[in-house]
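Overview (structure and organization)
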Amino acid sequence: MRRMLSLFLVIFVLLCAACTPRPASDADSGASPSASPTDDTQAAATTSAIDKSAWNLVLVNKWLPLPDGFDSTLTLAAVGNGQTLDARIVADFQAMLQAGSAYQLHAQSGFRSVAQQTTLFNREVAGYTAKGYSQADAEALAAQVVARPGTSEHNTGLAVDMAGSGDNSASMSFVNTPAFAWLKDNCYKYGFILRYPDNTTAVTGITYEPWHYRYVGVEAATAIMSQGITLEQYLGWSPPADTGG
Ligand SMILES: [Zn+2]
């Protein structure tokens, strides 16, 4: 009988523990997928406050191409190394270069016109058709390496491939550089995010790119980098379910 009482006591204690509201700090961890109703309300309120039509939050990915002629509306400005970016982000970009000057940061690739992107894409497609692939198959294969025209963030003037610490390869070796470590920790202060983090291909459509940074403004960048999420997730956008990634 005493064992039965003990058992009931244990169950009672466990039930009470389950009912106790979680401390507010848990809501910020992002570690638990089972957020309480309070957490959901706060998340929804945050999302609805975001102005998704803001120029600095334009979302471009393989499912969301830019409207025709978008890049002809941009005012570009030089940022060194023969590269240009949207003039509105140049002051923040230069401030980031200056703050990280110990790492010899510079733009390896900034704005690309849709026409330039078309040239890059067609060159890649031609390589596959020369190997005997059909046009459709060659385009699908090329799209895994080079973004289709109008679907590259470089077409917006808000994205930049960074070089630093003597590595201008725009490849995975950049992940091992002090320049990358600094950028990952500090880019948000200047309005930039690591746009294609590891393990987010399903939502971004792009594999890990430690060298590619995207301007979204300081407010959005702070939220995105502190939560370790993507621009898509920040905007509450999900890829269509039937694309196979
Ligand atoms: Zn890039």
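Quick note: structure is the one above.
1. A word on the nonpolar core
The biggest cluster of nonpolar side chains holds 34 residues, and the ones touching the most others in it are Met162, Cys187, Phe192, Ile193, Tyr213, Ala221 and Ile224. Those elements that place two or more of their residues in this core are helix H4 (90-99), strand E4 (159-163), helix H7 (178-186), strand E5 (192-194), strand E6 (212-215), helix H9 (218-227) and helix H10 (231-234). With residues near it in sequence (within four places) discarded, Cys187 still touches Met96, Phe192, Ile193, Leu194, Tyr213 and Ala221.

2. Some words on the packing of helix H5 (residues 114-130) against helix H6 (residues 135-143)
Two numbers describe how H5 lies on H6: the axes approach to 8 Å, and their chain directions differ by 125°. Comparing the axis directions of H5 and H6 gives the class oblique. Handedness of the H5/H6 crossing: right-handed. The segment H5 lies against H6, with Phe121, Glu124, Val125, Tyr128 and Thr129 engaging Gln135, Ala138, Glu139, Leu141 and Ala142. Across the contact of H5 with H6, the residue classes break down as six nonpolar, two polar and two charged.

3. Examining the environment of Ala95
Take Ala95: it is sitting in helix H4. In this structure, the C-alpha to C-alpha distance between Ala95 and Tyr190, residues 95 residues apart in sequence, is 7.1 Å.

Thresholds, definitions, all that
Residues numbered from 1 in each chain as written. Predicted model: local features only at pLDDT ≥ 70, side-chain atom pairs only at ≥ 80, totals over all residues. Core = buried A, V, L, I, M, F, W, Y, C linked by C-beta atoms within 7 Å. Buried ≥ 20, exposed ≤ 12 C-beta atoms within 10 Å, placed from the backbone. Helix = DSSP H or I, 4+ residues; strand = E, 2+ residues; numbered from the N terminus. Contact = placed C-beta atoms within 7 Å. Axes fitted to C-alpha atoms, helices over the stretch in contact; angles between N-to-C directions. Parallel < 35°, antiparallel > 145°, perpendicular 65-115°, else oblique. Left-handed = near helix turned anticlockwise from the far one by under 90°. Nonpolar A, V, L, I, M, F, W, Y, C, P; charged D, E, K, R; others polar.

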